[in-house]
Amino acid sequence: FASAVRATDEIRQARCMVNLATIRVQLRKYTEAIEAFQTSLGLSKPGSKVWCIGLTNLGLLASELGDHEIAMLATQRAEELLEEPALRGGAAYNCGIALTDLGRLDEAHAKLNSSRAHLRTTNDLALRVDCEAALALVIAKLGNPSGALRRIDKLAGVCRRNGLIASEAKTLNVQGDILY
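Residues numbered from 1 in each chain as written. Predicted model: local features only at pLDDT ≥ 70, side-chain atom pairs only at ≥ 80, totals over all residues. Heavy atoms only, no water.

Visitor: Please set out the overall build of the protein chain residue by residue, giving values where relevant.
Guide: Scanning the protein chain from terminus to terminus reveals 9 helices and 0 strands. Listed by position from the N terminus, the elements making up the protein chain come as α-α-α-α-α-α-α-α-α. In terms of C-alpha radius of gyration, the protein chain reaches 17 Å, essentially the compact-globule figure of 16 Å for 180 residues. Within the span of the protein chain, comprising 180 residues, buried residues form 41% of the whole. Long-range contacts, defined here as pairs at least 24 residues apart, represent 51% of the contacts in the protein chain between residues at least 6 apart. (Helix = DSSP H or I, 4+ residues; strand = E, 2+ residues; numbered from the N terminus. Rg over C-alpha atoms; globule rule 2.2 N^0.38 Å. Buried < 20%, exposed > 50% of the residue type's maximum accessible area, 1.4 Å probe, protein only. Contact = heavy atoms within 4.5 Å.)

What follows is the structure, given as structure tokens:
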């Protein structure tokens, strides 16, 4: 019984550390956020949902700070271990972004398509749109800007019809990246 209580407490502590790290990212206290994400990884069982979410978020932060190689490795590992389609899709999306930033466009294309497959079964329309927009950018960089712009136009319409203001802004930002 005592070990079950201890395990439950560690899971709660790990979740709290992930939440704390997320708040620190929002406050732009990146060193403290990295420490909190690392603490969450130490408190949770490798491969557990909390561990994978912490790893994915650590990878996302690494990408934001310009360390795309670490971001790619962290999010790729989390995707391999996560079972829920939405979480796997989110990890694959973040990995695709890191691969794009590294200029590894064929791999980014494959990873973003993997993300699309995972996300098809979820209700997170905003993440699905963001993934499609990232994929459109990769398609443009791979030499098909007209095909990418057609995708962007469709996505902007989906965003407007569903009130996804932030996703529409991201989509239009990608459109600008393709055009200029």
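Visitor: Requested: an account of the environment of Arg88, with residues and values cited.
Guide: With respect to the helices, strands and loops of the structure, Arg88 is situated in helix H5 (residues 85-101). Of the residues examined, Arg88 reaches a relative accessible area of 25% and is grouped as partly exposed. As a C-alpha pair, Arg88 and Arg12 span 76 residues in sequence and 22 Å in three-dimensional space. Setting aside residues no more than four positions away along its own chain, Arg88 makes contact with Glu79, Leu82, Glu83 and His118.

Visitor: Lay out the environment of Arg120 in plain terms, naming residues and giving numbers.
Guide: Take Arg120: it is sitting in the loop between helix H6 (105-119) and helix H7 (125-141). Given a relative accessible area of 56%, Arg120 falls into the exposed group. For Arg120 and Thr171, which are 51 residues apart along the polypeptide, the C-alpha to C-alpha distance reads 19 Å.

Visitor: Give a description of the pattern of salt bridges that names residues and reports values.
Guide: Under the criterion given, the structure shown has 10 salt bridges. Here Arg24 ties to Glu32 by a salt bridge, and the two come within 3.6 Å at their closest N and O atoms. The class of Arg24 is partly exposed, set by a relative accessible area of 22%. When salt bridges that share partners are traced, they join Glu69, Arg104 and Glu107 into one network. (Salt bridge = Lys/Arg side-chain N within 4 Å of Asp/Glu carboxyl O.)

Visitor: Now, about H7: what can you tell me, with residues and values included?
Guide: Note: α-helices contain 3.6 residues per turn, so residues at a spacing of three or four share the same orientation. An ideal rise of 1.5 Å per residue puts 24 Å on 17 residues; H7 measures up with 24 Å between its terminal C-alpha atoms. Of all the 17 residues making up H7, 13 are buried; the element is thus mostly covered by neighbouring parts of the structure. (Expected span 1.5 Å × (residues − 1).)

Visitor: Could you give an account of the packing of helix H4 (residues 68-81) against H5, naming the residues involved and the relevant values?
Guide: Direction vectors running N to C along H4 and H5 enclose 155°, while the axes themselves pass 8 Å from each other. When the axes of H4 and H5 are compared, the pair comes out roughly antiparallel. At the point where H4 passes H5, the crossing takes the left-handed sense. For the pair H4 and H5, the contacting residues are His68, Ala71, Met72, Thr75, Gln76, Ala78 and Glu79 in the first and Arg88, Ala91, Ala92, Asn94, Cys95, Ala98, Leu99 and Asp101 in the second. (Axes fitted to C-alpha atoms, helices over the stretch in contact; angles between N-to-C directions. Parallel < 35°, antiparallel > 145°, perpendicular 65-115°, else oblique. Left-handed = near helix turned anticlockwise from the far one by under 90°.)

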